[in-house]
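Descriptive analysis of the structure
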Amino acid sequence: MKKLILLTGMLLMMTAKSVFASPVAPKIAPSELMAASEITETLNKPVTSESVSNLEPIKRMSTSEIRETINQPTTYIFEGIKGRELTLSLWAGQLTAELYSPNGENMGVIEKSDNQWIGQLPESGIYRVRVTPKGETTSFVLGRDFSAKWTYRPDRAIPIAFKEKQATVKLKMSGYQIQPITVQGKQGQTMRVTASNKNLDLAIESPSGQLLDQGEGQTFAQLPESGAYRVIVVAKRPVKPSIRVSLQ
């Protein structure tokens, strides 16, 4: 009887060892090991700028006027209300500006030849202005107004007499009016423009269409090339200013 109990106990111990023994790890072929290492390397590989496509910048048009220099297409957004009249004005820069409604409809294109877009907003929502430079970079001024209608006057030449360094022209401008003045300049000269009224916006544009400088009441720039430069005078209210242009 004792032998039978002892034998039964030994059998139970052997069965328990076989049940709770550690499993044998399966063998992995060398090809499978290589594949696993490649997967781990791929997952751990850091993300670089080359692996992420460049996204176009999106900026809020929080003010009624944008003055910027860009080197890639850039989108500016603003909120519009259905039925309001909008005027978008381009008065400097070599670029194309496309206006899109909240539902994605292309409402028009503004270029240097057109200068502005005027129309009623068809719906309320977020409107987009996509600005695309025509060269590698461009400096530009783009204005937005919901009530005023900007008008552009024909270019007016201001000749500087031989051996003279400056000339003055008197203007009579109404509100929301833009007057370009053409001046012949030589590469290396410094152009200074001063207005008798400090409330005017002034800008200097090169013969190739680059915005060189802008300011209120005065502006200056060193000329990068020879040719006909444009001094752009912007008036938001009726004014009779004197504009002095000097070259040194």
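Please read all numbers here as calculations on a predicted model, not as lab measurements.

1. Here we look at the environment of Gly143
Topologically, Gly143 is positioned in strand β9 (residues 138-145). Gly143 has contacts with Met61, Ser64, Glu65, Thr87, Leu88 and Ser89, leaving out every residue within four places of it along the chain.

2. Comments concerning the confidence of the model for the chain
Here the chain shows a mean pLDDT of 80. Residues at 70 or above account for 77%. Counting contacts from residues 1-40, a segment whose pLDDT is below 50, to residues more than four positions away or on other chains yields one contact. Note on residues 49-53: pLDDT under 50 across the span, and one contact to partners over four residues away in sequence or across chains.

3. Thoughts on the nonpolar core
Of all hydrophobic cores here, the largest spans 23 residues; its most connected members are Ile181, Met191, Val233 and Ile243. Those elements that place two or more of their residues in this core are β12 (166-170), β13 (177-185), β14 (190-195), β15 (201-205), β18 (227-235) and β19 (242-247). In terms of residue count, the dominant contributor to this core is β18 (four residues). When residues no more than four places from it in sequence are discounted, the contact partners of Ile181 are Arg156, Ile158, Val169, Leu171, Tyr229, Arg230, Val231, Val233 and Ile243. By size, the runner-up hydrophobic cluster in this structure holds 21 residues, among which are Met107, Ile110, Trp117 and Tyr127.

4. Remarks on the packing of aromatic side chains
To describe a pair of aromatic rings, one takes the distance between the centres and the angle between the planes. Within this structure, the stated rule accounts for three aromatic pairs. Ring geometry for Tyr76 against Phe140: centres 6.1 Å apart, planes inclined by 70°, an arrangement best described as edge-to-face. Taken together, the positions of Tyr76 in strand β3 (residues 74-80) and Phe140 in strand β9 put the pair 64 residues apart, joining distant regions of the chain. This pair shows no difference in class: Tyr76 is buried, exactly as Phe140 is. Taken together, the ring pairs connect Phe78, Tyr127 and Phe146 into an aromatic cluster. The ring of Phe220 carries Arg192 above its face, with NZ or CZ at 4.7 Å from the centroid.

What counts and how
- Residues numbered from 1 in each chain as written.
- Predicted model: local features only at pLDDT ≥ 70, side-chain atom pairs only at ≥ 80, totals over all residues.
- Heavy atoms only, no water.
- Helix = DSSP H or I, 4+ residues; strand = E, 2+ residues; numbered from the N terminus.
- Contact = heavy atoms within 4.5 Å.
- pLDDT = per-residue confidence, 0-100.
- Core = buried A, V, L, I, M, F, W, Y, C linked by side-chain atoms within 4.5 Å.
- Buried < 20%, exposed > 50% of the residue type's maximum accessible area, 1.4 Å probe, protein only.
- Phe/Tyr/Trp six-rings, centres within 6.5 Å; stacked < 30°, edge-to-face > 60°.
- Lys NZ or Arg CZ within 6 Å of the ring centre and 35° of its normal.

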